[in-house]
Amino acid sequence: MLVLITYDVNTESESGKRRLRKVAKQCVNYGRRVQNSVFECILDYAQCVKLKASLLEMIDPEKDSIRFYYLGNNHKTKVEHLGVDRGMDIEGLMIL
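Residues numbered from 1 in each chain as written. Predicted model: local features only at pLDDT ≥ 70, side-chain atom pairs only at ≥ 80, totals over all residues. Heavy atoms only, no water.

A. Spatial organisation of the sheet that holds strand S2 (residues 31-35). If you trace the 4 strands from one edge of the open sheet to the other, you get S2-S3-S1-S4, paired in antiparallel fashion. Edge positions in the open sheet fall to S2 and strand S4 (65-72), since each of these has one partner strand only. The average undirected angle you get between the axes of adjacent strands in this sheet is 25°. In the sheet, strand S1 (residues 2-8) pairs with S4 via 7 bridges, with the strands oriented antiparallel. By the bridge assignment, Asp8 is partnered in S4 with Ser65. Its contacts with the sheet place helix H1 (residues 14-28) against S1, S2 and strand S3 (38-42), and it is angled at close to 170° to S1. (Pairing = 2+ DSSP bridges. Helix = DSSP H or I, 4+ residues; strand = E, 2+ residues; numbered from the N terminus. Axes fitted to C-alpha atoms, helices over the stretch in contact; angles between N-to-C directions. Contact = heavy atoms within 4.5 Å.)

B. Representation of the pattern of salt bridges within the structure. One pass over the structure, following the stated rule, counts 3 salt bridges. Across the pair Lys17 and Glu14 runs a salt bridge whose closest N-O atoms are separated by 3.6 Å. With a gap of 3 residues between them, Lys17 and Glu14 both fall in helix H1, about one helical turn apart. Of the residues examined, Lys17 reaches a relative accessible area of 34% and is grouped as partly exposed. Here Asp64 makes a salt bridge to Arg19, at a shortest N to O gap of 2.6 Å. Taken as a pair, Asp64 in the loop between helix H2 (45-58) and S4 and Arg19 in helix H1 lie far apart in primary sequence, 45 residues in all. With respect to class, Asp64 is no different from Arg19; both count as buried. (Salt bridge = Lys/Arg side-chain N within 4 Å of Asp/Glu carboxyl O. Buried < 20%, exposed > 50% of the residue type's maximum accessible area, 1.4 Å probe, protein only.)

C. Main features of the nonpolar core. By size, the foremost hydrophobic cluster in this structure holds 16 residues, and its most contacted members are Ile5, Tyr7, Val23, Cys27 and Leu43. Mapped onto this core, the elements with two or more residues apiece are S1, H1, S3 and H2. Setting aside anything within four residues of it in sequence, one finds Tyr7 in contact with Leu20, Val23, Ala24, Cys27, Arg33, Asn36, Ser37, Phe39, Ser65 and Ile66. (Core = buried A, V, L, I, M, F, W, Y, C linked by side-chain atoms within 4.5 Å.)

Here it is as C-alpha cells:
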C-alpha cells in the first residue's frame, strides 16, 4: 500500500536538528522524498508497523509530529502531481 508520511520536527535546538536528520534518514530507507518533509512509501503491514515504531522512538512527542496517510493499493487514481518530479518512481524498475 502507498503510505504518505509527513513530519514536523522542532529544530530550535541541536537535539531537534539531530531528530530531524534521523527521521529523514529512516524515511529514505522506506520510500522516496517528494517534498522536504514528505515521503511516499510502498509498505506492507509489517513494514508499516516497524517504521512507525522506529519513528516514534526518534521524535519528541511533546515537540514533534508525524502523520501517516494510507492511500492503499489503488493509489495511482488518488495522486495527482503537477510540476517537476524530483524523484524516481518508487514502483519502477531500479538497476544497480
